[in-house]
Every structure is written in structure tokens, then in C-alpha cells.
Amino acid sequence: MSETIQDPHGQDPEAAEGEDALLQLPLDAWHRARGGRMVPFAGYEMPVQYEGIMAEHLWVREHAGLFDVSHMGQLSFSGEGVEAALEALMPADIQAARPSHPVYSLLMAENGGILDDLMLTRRDDGSVYMVVNGACKWDDIAHFREFLPDEIGMNHMEDHALLALQGPEAATALERVIPGVSALVFMQGAAFGWQGHELWISRSGYTGEDGFEISVPAEAAAALADALTAQPEVKPIGLGARDSLRLEADLPLYGHDLDTETTPVSAQLGFALKKRRREEGGFPGHARIMLEREQGPILKRVGLVVEGRQPVREGGLVLDAEGNEVGKVTSGGFAPTLQQPIAMAYVPAASAEPGTKITLAQRGKIHSAEVVKMPFVAHKYVRKGA
Amino acid sequence: MSRYFTEDHEWIDVDGDTATVGITDYAQSQLGDIVFVETPDEGKEVSKGDDAAVVESVKAASDVYAPVSGTVIEGNEALADNPALVNEDPEGEGWFFKLTLSDPSELESLMNDSAYQDYVSKL
């Protein structure tokens, strides 16, 4: 396989989890200069907040927030038959995907579990651009190295940063800096030039708001972040608010709501299992997933509103009437938009209907919750014709 | 009245054999937006270092330890309706609970204000 993967830091990704081995991303100094509180995240030092999670969360819901998500892995695949080669590892219908339109997919394990969730985009030059989770990227890269045929090249774009501009005023602000971007609709991307640099921008994100994700060469990242935060609508936002926003928007987080023990069916990600691929198979876990689709999963991922004000967080238990553990909370917190605790949990399929009362246990205390329809906060994506 | 501090960022105001406990301004600034506080019930016996209260920010739950041993005489009911009081006035209206000291000599191991400020400045 021809590949250009290099880890310039020469570090084992496992070792990068230790405090001493934390890596720094292109905007590290930029965040610190703006008062970002840096914490270890996915092996990097990343800003968890600036002025406070609550204020930042509400700012994004009303205006626009700039997130640095450069810890995520940006990969580019090329070579004859790249679509089919990637399809052997995931259930996306890449061959039918429209160029420049990002597609959500799942890197699958043989047992039907999920190795990572990701976005991939076919580009006009025949390559496939992919964004994978920061905490998984080294494992993903090893996986691709092992399972892609030699003729497929893979480039880990470590020389690029990734910014996300999210919120109802994101398009207004970004259009001023990069004219033409507002012509994109949700889940559409294009290349743009900015100060001599080539950017890849897609109208997408992970907050439930309208917004954009911007892949930018690392050397231009700070200048672009400056240009964006110079807009009155835009403030820098930390990963703390990103987590509460994505939870309100019913967007699962890998390593929490999704992992190798959860399947796409129980995670309610059936939309990622494309029809042709379901019928033809040819991706890891196909047999188990088809069986689970027919018989129904044992557990389903649902949204919960928790009574009272105390959040029930990841690791909280779902109990049946006899007090037996029958499920678990995978994400939970206080929802700033709703001003109440919410959670995502896996519950027995029979208890997954909205309106069902659920009993939770956390640190020896019992909490009552109710299954609700997700998303908790309506999505505001800008779709074609809207 | 004397005020003492712990390395876990609790403060304790001592007046005779009763004391008021809360978390410091430094602690609330580290926690961020506080959305829930669970205070101990009246009559609860706590030993120095026991979990005595829970404070939850948007992001995480944290235990608050009893800085000294004693019997809880009151939890701050105002925090149930307005947990943000801990952010707004951590070393005043945002107190957590009051207790009757069972062993005042335990206070000797705590820091005074200047020692605590010195401790925080090195974190």
C-alpha cells in the first residue's frame, strides 16, 4: 500500500493518553491567548471552555460559535477502486454517493459492533475525504492499513486543522469572510480559496445547528480563526459546549453512545445501513446486523428527560421493576437550552417508546426519567429548497 | 469567627462549636456553571473526609467532603432552587451546610486564608 502516514511525534497513541505525552494542535497558542481552559482530550490539549459552558452553549444556539476540532482525523483515500475498497469496511453506498456531498457511515467490526463513526465525501478528483473521531483515529488508521488493498493510498492530513462554525448566524458571518459559502446546503461541500490557501468547506457539523466545517492548512488556521472571530456573530467555543449541544441534538458520541458493543441497529442508526449494501452485504457484521433488523435489537438507544435537576450521567444504570440492571446511560448532563437534565441511554426494546417511564440508579440514588422523542432540541439544518 | 480551608477547596467558618461549610471561589471557578447541589440531611453524622454533599456542574459531578467531623444541623435549602448561588456567592450565600463540631482539634490541620491563597497560587 502506498501511504504517506507519518506520526511526526513518533509516539505510541496509547502513550499519548498520559498527561506528559499530550500533543498540541495548531491553534494551541490561539486558544490560550483567548482564555481557553485546556484539558486533555483524545491525546491532545484542547479547550474545554472559555467564558463558561452554559453561556457558550446558549451563544451557539442564538449566534455562531467557532470550534476547533483539529484533534479529529482527516484522511484522504485515492486509487483505482477506492469506493469499493472502503465499502468492504463500512455499510455506506459510496459508489452511489454524489460527489462533494458528505455521507455519514460506520467503520464496522466483524461482530456487528462499531469501531468508529465518520463522515466521508467523494471528491471530483476521484479521492475520498474522511473525517474520523480523534480518540479513534490511530486505531482507524491501523485498521485501514491492515484491510485496504495495496493499491489504495491513504494520506493522514496532519498538516490540516479542522474548524467548525456553528449556529444560526454562521452563514452570515462566514459569507463575509469567504464569499459564496452560503450557496451550500446541508450536507454539501466545496473547495474555496482564502488568502492563497485552499479550504474544503462543507455545510455540516455536530451541534444540530446550521453551520460549516472547514478544513484549512495548519499554517493558515490561526489567521482564519482570527478572521472568523472578528465577526460580531462569532465567539470561540470549547468542547464542553460542543458536548452539551450534540447531546441536545441527538447526535451520538463515539466511545460513549457508540462502541464495539453497540450495533447500528440498537444505536438506532439504521439510516447508515444503505439499501444496496443491506441487500448485497459485503461489510463486516452484515449477517448479525440483518438478523438483528429482522428480530429487533435487545436494547435500543433512546433519549431521556430526567426528573428534578440532578443530571444522571454516563455510567448510570437503567433498572427494571425488580431493581435489576437492564441498560445503561451512555451520555447525560444538564441541557442548557432546556434547563433540565437529559440523557441518552440503552434500554430494553420494549421500553423504548416515547412516554415510557424509566428508573435509573446513580451513586446509590434512584432517579425517575421518561423516554422522549429525539432530538431534544430541533435541528435547524438548511436544506435544499428551504 | 475564624475561617479555615482544605486542600480540597472547602471553606469552614467556625463560631463556637458550630461551623458553616462551602466551597471556595477557586473551586466554583474550576467547576463552572453549577446546576445542582445535594446537601446532607439534618442529623447526619459525618467524619472528617467523608462525602458530605454533591455539587454538579454542566460537565461533571463532584463530591464535597466534610472538612471536620460533626453532626449536620442544616443544609442550605436555597441551593435547591438556585444552585447558581454557588457561582455567584460561593463564600457567602452559596454555603452548603452547617454542623456541630465533634472534635474542634481537627481544625488545627486546616489552612488559614493566607496559607490557602498561597496554596491556590501554586496550582
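Residues numbered from 1 in each chain as written. Chains lettered and ligands numbered in written order. Predicted model: local features only at pLDDT ≥ 70, side-chain atom pairs only at ≥ 80, totals over all residues. Heavy atoms only, no water.

Brief notes about the sheet that holds strand S15 (residues 317-319) of chain A
Residue and element names in this part refer to chain A. Taken together, 6 strands build a closed barrel; the order of strands is S14-S17-S16-S15-S18-S19 and the barrel is antiparallel. Pairs of neighbouring strands in the sheet enclose a mean axial angle of 40°, with direction left out of account. By the bridge criterion, 6 bridges tie strand S18 (residues 357-362) to strand S19 (residues 365-372) in an arrangement that is antiparallel. Looking across to S19, one finds that Thr 359 is bridged to Ser 368. (Pairing = 2+ DSSP bridges. Helix = DSSP H or I, 4+ residues; strand = E, 2+ residues; numbered from the N terminus. Axes fitted to C-alpha atoms, helices over the stretch in contact; angles between N-to-C directions.)

Concerning the pattern of salt bridges
All names here are of chain A. Scanning all chains against the criterion turns up 26 salt bridges over all chains. In this structure, Arg 61 engages Glu 209 in a salt bridge whose closest nitrogen and oxygen atoms are separated by 2.9 Å. With Arg 61 in helix H2 (residues 53-62) and Glu 209 in the loop between strand S11 (197-202) and strand S12 (211-217), this pair connects stretches of sequence that are 148 residues apart. Here the two residues Arg 61 and Glu 209 agree in accessibility, since each one is buried. A salt bridge links Glu 233 to Arg 176, with the shortest nitrogen-to-oxygen separation between them at 2.7 Å. Residue Glu 233 is found in the loop between helix H6 (218-229) and strand S13 (234-236), and its partner Arg 176 is found in helix H5 (residues 170-177); the two are separated by 57 residues along the sequence. The exposure class of Arg 176 is partly exposed, given its relative accessible area of 45%. Salt bridges here are not isolated pairs; linked through shared partners, they connect Arg 61, Glu 209, Glu 248 and Lys 380. (Salt bridge = Lys/Arg side-chain N within 4 Å of Asp/Glu carboxyl O. Buried < 20%, exposed > 50% of the residue type's maximum accessible area, 1.4 Å probe, protein only.)

A short note on the layout of surface pockets
Residue and element names in this part refer to chain A. In this structure, the second largest pocket spans a volume of roughly 260 Å³. Surrounding the second largest pocket, 15 residues form its lining, Glu 261, Thr 262, Ser 266, Leu 299 and Tyr 346 being those nearest its centre. If you list the elements that add at least two residues to the lining of the second largest pocket, you get helix H9 (286-295) and strand S16 (325-335). In terms of residue count, S16 provides more of the lining of the second largest pocket than any other element does, 4 residues in total. When its residues are assigned to classes, the lining of the second largest pocket shows 5 nonpolar, 4 polar and 6 charged. (1 Å grid on protein atoms, 1.4 Å probe; cavity = no way out; pocket = protein on both sides within 12 Å on 5 of 7 lines; lining within 4 Å. Points joined across faces, edges and corners; volume = space filled by probe spheres on them. Nonpolar A, V, L, I, M, F, W, Y, C, P; charged D, E, K, R; others polar.)

Details of the interface of chain A and chain B
Think of interface size as the accessible area that goes away when the parts come together; that is how it is often given. With 17 residues of chain A in contact, the opposing surface of chain B contributes 15 residues. Surface buried jointly by chain A and chain B totals about 1300 Å² across both partners, of which 48% is contributed by carbon and sulfur atoms. There are 4 salt bridges connecting chain A and chain B. A salt bridge links Lys 59 of chain B to Asp 243 of chain A; the shortest N-O distance between them is 3.5 Å. Counting across the chain A and chain B interface gives 12 residue pairs in polar contact (both at pLDDT 80 or more). When residues of the side of chain A that touches chain B are traced back to their parent elements, those giving at least two are H2, helix H7 (239-248) and S16 of chain A. (Contact = heavy atoms within 4.5 Å. Buried area = accessible area lost by both parts, 1.4 Å probe. Polar contact = N/O pair within 3.5 Å; in protein donor to acceptor, adjacent residues only side chain to side chain.)

Side note on the packing of aromatic side chains
Residue and element names in this part refer to chain B. Scanning all chains against the criterion turns up 5 aromatic pairs over all chains. Measuring from ring centre to ring centre gives 6.2 Å for Tyr 116 and Tyr 119, while their planes differ by 40°; the resulting arrangement is tilted. With a gap of 3 residues between them, Tyr 116 and Tyr 119 both fall in helix H4 (residues 113-121), about one helical turn apart. When its relative accessible area of 2% is taken as the criterion, Tyr 116 is described as buried. Counting every residue linked through ring pairs, the aromatic cluster contains Phe 5, Tyr 116 and Tyr 119. (Phe/Tyr/Trp six-rings, centres within 6.5 Å; stacked < 30°, edge-to-face > 60°.)

Regarding unusual backbone geometry
Residue and element names in this part refer to chain A. Across the junction of Met 374 and Pro 375, the peptide omega takes the value 0°, indicating a cis bond. Mapped onto the elements, Pro 375 comes out in the segment after S19. Residues other than glycine seldom take positive phi values, yet Met 187 does so here, at roughly 65°. Tracing the backbone shows Met 187 in the loop between H5 and strand S10 (189-194). The phi dihedral of Asp 250 falls on the positive side, at around 60°, and the residue is not glycine.

Thoughts on the nonpolar core
Residue and element names in this part refer to chain A. Ranked by internal contacts, the top residues of the largest apolar core, which has 30 residues, are Leu 174, Ile 178, Ile 201, Leu 224 and Leu 228. Elements with a contribution of two residues or more to this core: strand S3 (64-68), strand S9 (160-166), H5, S10, S11, S12 and H6. Top element by residues in this core is H6. It accounts for 6 residues. The residues touching Ile 178, leaving out its near neighbours within four places in the chain, are Phe 192, Trp 194, Leu 199, Ile 201 and Leu 224. Counting residues in hydrophobic clusters, the runner-up holds 28 residues, among them Phe 77, Val 82, Met 90 and Val 103. (Core = buried A, V, L, I, M, F, W, Y, C linked by side-chain atoms within 4.5 Å.)

Looking at the sheet that holds strand S6 (residues 114-122) of chain A
Residue and element names in this part refer to chain A. In space, the 5 strands of this open sheet follow the order S5-S6-S7-S4-S8, with antiparallel pairing throughout. At either margin of the open sheet sits one strand with a lone partner, and together these are strand S5 (103-108) and strand S8 (153-156). Taken pair by pair, the neighbouring strands of this sheet meet at an average axis angle of 30°, ignoring direction. Taken strand by strand, helix H4 (residues 137-147) contacts strand S4 (73-78), S5, S6, strand S7 (128-132) and S8, and its axis lies near 165° from that of S8.

Observations regarding the packing of H2 of chain A against H7 of chain A
Residues and elements named next belong to chain A. Direction vectors running N to C along H2 and H7 enclose 55°, while the axes themselves pass 8 Å from each other. For the element pair H2 / H7, the angle class is oblique. The crossing of H2 and H7 is right-handed. Across the interface between the two elements, Ile 53, Glu 56, His 57, Val 60 and Arg 61 from H2 touch Gly 240, Ala 241, Ser 244, Leu 245 and Glu 248 from H7. In terms of residue class, the contact of H2 with H7 is built from 4 nonpolar, 3 polar and 3 charged. (Parallel < 35°, antiparallel > 145°, perpendicular 65-115°, else oblique. Left-handed = near helix turned anticlockwise from the far one by under 90°.)

Some thoughts on the side chain of Arg 301 of chain A
Residues and elements named next belong to chain A. Its location among the elements puts Arg 301 in strand S14 (residues 299-306). A polar contact of 2.7 Å, which involves the side chain of Arg 301, links it to the side chain of Asp 250. Contacts of Arg 301, omitting those with residues within four sequence positions, involve Asp 250, Pro 252, Asp 257, Ser 266, Ala 267, Gln 268, Leu 269, Met 344, Ala 345, Tyr 346 and Met 374.

Looking at the pairing of strand S6 (residues 51-57) of chain B
Residues and elements named next belong to chain B. Burial analysis of S6 places 6 of its 7 residues in the buried class, which makes it a mostly covered element. Pairing between strand S4 (residues 34-38) and S6: 4 bridges, direction antiparallel. Within the sheet, the bridge partner assigned to Val 37 lies in S6 and is Val 55. As judged from the 5 bridges shared by S6 and strand S7 (residues 61-65), these two strands associate in the antiparallel manner. Pairing of Val 54 across the sheet is with Asp 63, part of S7.

Without other data, these values stay purely geometric and don't point to any function.
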